[in-house]
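The lines below spell out each chain.
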Amino acid sequence: MHHPDQYLDFEQSAFTWFRADRGYYFDDKARLEDPKPLMNQTPQKKSEPPYLLETLETTGFIRSRVIEQELALFLKFAEVQPTKENTLAFANEYGMLTPGKSLCTPKYSYLKGKKAPWKHGIAILSEKKDDKRDYGAVYSESLNFWKKELHDMALTVKVWEWVKNQDISALTEVIHWNKDGTGVNCKLDKAGGWLASNDYHQEVFARFRQGDILLPAKYLVQSRVNKKLRQHTTRPRILLGNNNRLEPYFMPESLIAAMWFQFFQAAVGETKFKRCLICGQWADVTQKNRNWSKHPECANRERVRKNWEKNRKKQA
Ligand SMILES: [Zn+2]
C-alpha cells in the first residue's frame, strides 16, 4: 500500500520528493475514512471533496531532488492561482504537498471480486456494509487544503516582497496603528487581528517605533513563517559527507515543509531572490552581484528589440 514511511528516507540522504508517474486527478466522490485514521494521526472530521488522488493508471512514483533543482519553488508555488486546474498542474509536476499522513484518507470502493481499480496505493480497510463492495483508502489531500496552503504562501510572500522593496504604500494597507498608538493591527485579505500591542506580544511591541510600518510588517512575515514551520517541520540531521566528514543537513518532512524551509532561508538572507526587471520572473541571485537586475537573456532580447525598433524608425 501507499504507506508514507515507505517514502520517508534513510538517515544518509538528502531530501527527495515523489510524484505519481501517471499524474493526479480530483475525485469528487472520495470521502474521508472514519473514524480511525490509518496512522496514529488525528483524524480529520469534515469530509471536503474533491480530493487529489493519483490516477488509476499509476504504476509507481517518481522521486526527484526537487528542492535542489528548484531553489525558488516556494515562489513558484506562491504564484499558483488557487483553482482546481492550476493545483492539478502543480501536483502533476511536483507531487502532493504531504505524504498525506496528517490529512486525509479518502475512501473509495469497488465491487467485491473485481480487480481493485488502483494499481498502487490501496489499502482495504473494511467491509462494513453488505453491499458487495470492498472499501479501500488512499492517502490524499483535499482541494481545500491546497487552497489554504496556496493562500498562506501567497500572502506571506507578498508581504515579504513589500518589506524587501520597502513598499510603504502597499504595507500601509496591511499594517495599521491604532489611534492612541497602543497597538498594531494587521489586515491581510479579509482576516485581521492584533499583531502586537501594550498587552499582546509586548516584548515585540516595545521595539516598534510609533507609526512605523516596516518593522511590524517584518514581524508579520516572521510570525507567519514561524507558524508554518511549526506546522510543517524540518529536522536537522547529520550526513556523512563525501570526505567522510559529518555535515549538517535539514530534512523537511514533506514538499510543503521544504517550501517553507526555502522561504525561511530566503527570509534570513541565506538565499537571495529578485524579480527580473524585464520579465518579472523570480531569479536566484544568491551567487550573483548585488546589482543584478535582469536575466542576461532578457537584457539581450531587450537590446535586440530596441535595435530593431531603431532601425525601423530609420527606414521609415
Ligand atoms: Zn527575465
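Residues numbered from 1 in each chain as written. Predicted model: local features only at pLDDT ≥ 70, side-chain atom pairs only at ≥ 80, totals over all residues.

### Some details on the overall build of the protein chain
Counting its secondary structure elements, the protein chain contains 10 helices and 16 strands. For the protein chain, with 316 residues in total, the buried portion stands at 28%. In the protein chain, once contacts between residues fewer than 6 apart in sequence are set aside, the share between residues at least 24 apart is 62%. (Helix = DSSP H or I, 4+ residues; strand = E, 2+ residues; numbered from the N terminus. Buried ≥ 20, exposed ≤ 12 C-beta atoms within 10 Å, placed from the backbone. Contact = placed C-beta atoms within 7 Å.)

### What to know about the nonpolar core
Counting residues in each nonpolar core, the largest one holds 56 residues, and the members touching the most others are F74, F77, V159, A217 and M259. Per-element accounting of this core gives the leading share, 10 residues, to helix α9 (residues 255-267). In this structure, this core is formed jointly by two domains, domain 1 (4-148) and domain 2 (166-231), each of which donates at least three residues. The contacts of F77, once residues within four sequence positions are left out, are F90, L150, M153 and M259. (Core = buried A, V, L, I, M, F, W, Y, C linked by C-beta atoms within 7 Å. Domains from an automatic or database assignment.)

### Brief notes about the pairing of strand β4 (residues 51-54)
Going residue by residue along β4, you find Y51 and L53 tucked away on one face and L52 and E54 tucked away on the opposite face as well. Relative to β4, strand β2 (residues 24-27) is paired through four bridges, and the arrangement is antiparallel. Across the sheet, residue Y25 finds its bridge partner in β4, namely L53. As paired strands, β4 and strand β9 (residues 141-142) are joined by two bridges and run antiparallel to one another. (Pairing = 2+ DSSP bridges.)

### Points about the sheet that holds strand β12 (residues 191-197)
Hydrogen bonds between backbone atoms are what pair the strands of a sheet, whose relative direction is either parallel or antiparallel. Spatially, three strands are ordered β10-β11-β12 in an open sheet, and the strand pairing comes out antiparallel. Sheet topology places β10 (175-177) and β12 at the edges, where each strand pairs with a single neighbour. In this sheet, adjacent strand axes meet at a mean angle of 25° when their direction is disregarded. Strand direction decides the pairing type here: strand β11 (residues 183-188) and β12, joined by six bridges, are antiparallel. Bridging across to β12, V184 finds its partner in A196. (Axes fitted to C-alpha atoms, helices over the stretch in contact; angles between N-to-C directions.)

### Quick notes on unusual backbone geometry
The amide bond that connects P49 to the next residue, P50, takes the cis arrangement and shows omega of 5°. Turning to its location among the elements, P50 is positioned in the loop between β3 (31-32) and β4. Here H201, not a glycine, exhibits a phi torsion of approximately 50°, which is positive. Tracing the sequence through the fold places H201 in the loop between β12 and α7 (202-205). Residue classification places H201 among the partly exposed positions, given that 16 C-beta atoms sit within 10 Å.

### Thoughts on helix α5 (residues 143-164)
The terminal C-alpha atoms of α5, which comprises 22 residues, lie 31 Å apart, in line with the 32 Å expected from a rise of 1.5 Å per residue. Inspection of α5 places F145, W146, E149, L150, M153, T156, V157, V159, W160, W162 and V163 among the buried residues, and these make up the whole buried set. Residues of α5 that are buried sit in contact with α3 (73-78), α4 (84-94), β9, α6 (168-172), α8 (214-231) and α9. Taken from the residues just after α5, Q166 is the one with a positive phi, measuring 50°. (Expected span 1.5 Å × (residues − 1).)

### Let's talk about α9
Structurally, the α-helix is built with 3.6 residues per turn, so residues lying three or four positions apart point the same way. Under the 1.5 Å per step criterion, the end-to-end length of α9 is 18 Å for 13 residues, consistent within 8% with the ideal 18 Å. G269 lies just past α9 and shows a positive phi near 85°.

### Some points on the confidence of the model for the protein chain
Interpreting fine coordinate detail is not advised for predicted regions of low pLDDT. For the protein chain, per-residue confidence averages 86 on the pLDDT scale, and 83% of positions sit at 70 or higher. Across the protein chain, α3 holds the top mean pLDDT of 98, while helix α1 (residues 4-7) sits lowest at 50. (pLDDT = per-residue confidence, 0-100.)

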